[in-house]
Amino acid sequence: MNAPDLKSTGASAQNAASANSAIEHTAQQRKNYYSSIKDQQLFPLWEVLHSLVPQQPNSPCVPAHWAYANVRPKLIESGSLITAQEAIRRVLILENPGLPGSCAITQSLYAGLQLILPGEVAPAHRHTQSALRFIVEGEGAYTAVNGERTTMREGDFIITPSWTWHDHGHEQQDPVVWLDGLDIPMIRFFDAGFAENAARDSQIVERAEGATDSLYSHGLAPVKPRHQSATSPIFNYPYTRTREVLYRLSREEAPDSKHGYLLKYVNPLTGHWAIPTMATFMQWCPKGFASQPSQSTDGRIFSVVEGSGIAKIKSAQGQEHSFSLAPRDVFVVPSWANLELIAHQDLIVFSYSDRPVQEAMGVWRERQ
């Protein structure tokens, strides 16, 4: 066995020490440099590049589930604590656990459950944020949009376009609850939020109920429509009609492996999304159906309409969640999370996301 070369070993140790000293010196130089530019509101991109431009979407949002059986008692209790008029809108916000203090369910969207009791009016106002209402429980309440009322029934999808006067009222007997979806965080990002209160709580009704629907929902439209907005002129898509289309679709073709039977709500004048900032869908997974995983860059919010099943969600970071679903439950699937739906009974779910904005920007992706 050859004796160790002590001279060579000592040189290697000296080289290593010298290299470590150089590294420490460089690190201290950089630290001093970063400190010197901080007062000028400058920051080195190379220190944060990988977090700003990640290899895949890395949302701070987490999968979450709100069981309606647990939320409803608290929502009803709020009705004894504050009136709809005092609150302006009596809503319990569904806040993503990964975004505490944000009043947001995803980075770009808001969700809340709103309660209106018999005899109440939620006062008229308007705002730049677009809103959707998905009726979760009860019927007989109404919403009025720009001088036209529509009656709310379970499963109806109702639109309040940006900067339109709207109020809500209830003239029947039982509580009515709906899911509010708004683009509040998105508008907040652009610093473009405005609101205005009306002079009176309930706006004057100028058109008969169903007037807009009769103009635009039968495959016909005026040659010179008075409607100039990018939002659909139809502001109530009744569930009875939507469910019939789902049923007819199921008679014509097999379910898609990832989505079952999936419909999107559209603007009949353009064929585009019904709301320019929020995509809206109705989905039917037949009893016994187990979907293949779906994955896309738009965070999606779901409301269970009928049936029961399981939502299996695997986040982009690898965490796995399994939620048991019942009617009226709400759950959220963050950007780039895998979703699998398993239907124990015929499972019908409404959902919305920020897909129209992502598509307009050319950044929307799904995994094929």
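Scroll up to find the structure.
Residues numbered from 1 in each chain as written. Predicted model: local features only at pLDDT ≥ 70, side-chain atom pairs only at ≥ 80, totals over all residues. Heavy atoms only, no water.

Engineer: Which residues make up the overall build of the protein, and what are the values?
Structural biologist: Scanning the protein for helices and strands turns up 8 helices and 20 strands. Taken along the three principal axes of its C-alpha coordinates, the protein extends 100 × 50 × 50 Å. Taking the contacts inside the protein whose residues are at least 6 apart along the sequence as the reference set, 74% of them involve residues at least 24 apart. Element-wise, carbon and sulfur atoms account for 53% of the exposed surface of the protein, whose accessible area totals about 19500 Å². One finds the centroid of the 31 positive side-chain charges in the protein at a distance of 4 Å from the centroid of its 37 negative side-chain charges. (Helix = DSSP H or I, 4+ residues; strand = E, 2+ residues; numbered from the N terminus. Contact = heavy atoms within 4.5 Å. Areas by Shrake-Rupley, 256 points an atom, 1.4 Å probe, with all protein chains shown as cover. Lys, Arg positive; Asp, Glu negative; His and termini not counted. Charge placed at Lys NZ, Arg CZ, Asp CG, Glu CD.)

Engineer: Explain the pattern of salt bridges residue by residue, including any values.
Structural biologist: Applying the stated rule across the entire model yields 13 salt bridges. Here glutamate 77 and lysine 74 are joined by a salt bridge, their closest N and O atoms 3.7 Å apart. Of this pair, glutamate 77 and lysine 74 both sit in helix 3 (residues 68–78), separated by 3 residues, roughly a single helical turn. When its relative accessible area of 39% is taken as the criterion, glutamate 77 is described as partly exposed. According to the relative accessible area criterion, lysine 74 is exposed, its value standing at 54%. Among the ionic pairs, glutamate 171 bridges to arginine 149, the shortest N-O distance being 3.5 Å. Pair noted here: glutamate 171 is in the loop between strand 9 (166–170) and strand 10 (176–182) and arginine 149 is in strand 7 (residues 148–151), with a separation of 22 residues, a long-range link. According to the relative accessible area criterion, glutamate 171 is exposed, its value standing at 56%. (Salt bridge = Lys/Arg side-chain N within 4 Å of Asp/Glu carboxyl O. Buried < 20%, exposed > 50% of the residue type's maximum accessible area, 1.4 Å probe, protein only.)

Engineer: Lay out the sheet that holds strand 3 (residues 110–116) with the relevant residues and their values.
Structural biologist: The antiparallel open sheet is built from 6 strands, whose spatial order is 2-3-10-5-8-12. For this open sheet the edge positions go to strand 2 (91–93) and strand 12 (236–237), each flanked by a neighbour on one side alone. Where strand 5 (residues 131–137) meets strand 10, 6 bridges bridge the pair, whose relative direction is antiparallel. Paired with glutamate 137 across the two strands is valine 177, which belongs to strand 10. Contacts from helix 3 reach strand 2, strand 3, strand 5 and strand 10, with the element oriented near 55° to strand 3. (Pairing = 2+ DSSP bridges. Axes fitted to C-alpha atoms, helices over the stretch in contact; angles between N-to-C directions.)

Engineer: How would you sum up the packing of aromatic side chains? Please name residues and give values.
Structural biologist: Using the criterion set out here, one finds 12 aromatic pairs in the structure. Between phenylalanine 157 and phenylalanine 350, the ring centres sit 5.6 Å apart and the planes meet at 40°, which makes this aromatic pair tilted. On the criterion of sequence distance, the pair formed by phenylalanine 157 in strand 8 (residues 157–160) and phenylalanine 350 in strand 20 (residues 347–353) is long-range, its members being 193 residues apart. For phenylalanine 350, a relative accessible area of 0% translates into the label buried. (Phe/Tyr/Trp six-rings, centres within 6.5 Å; stacked < 30°, edge-to-face > 60°.)

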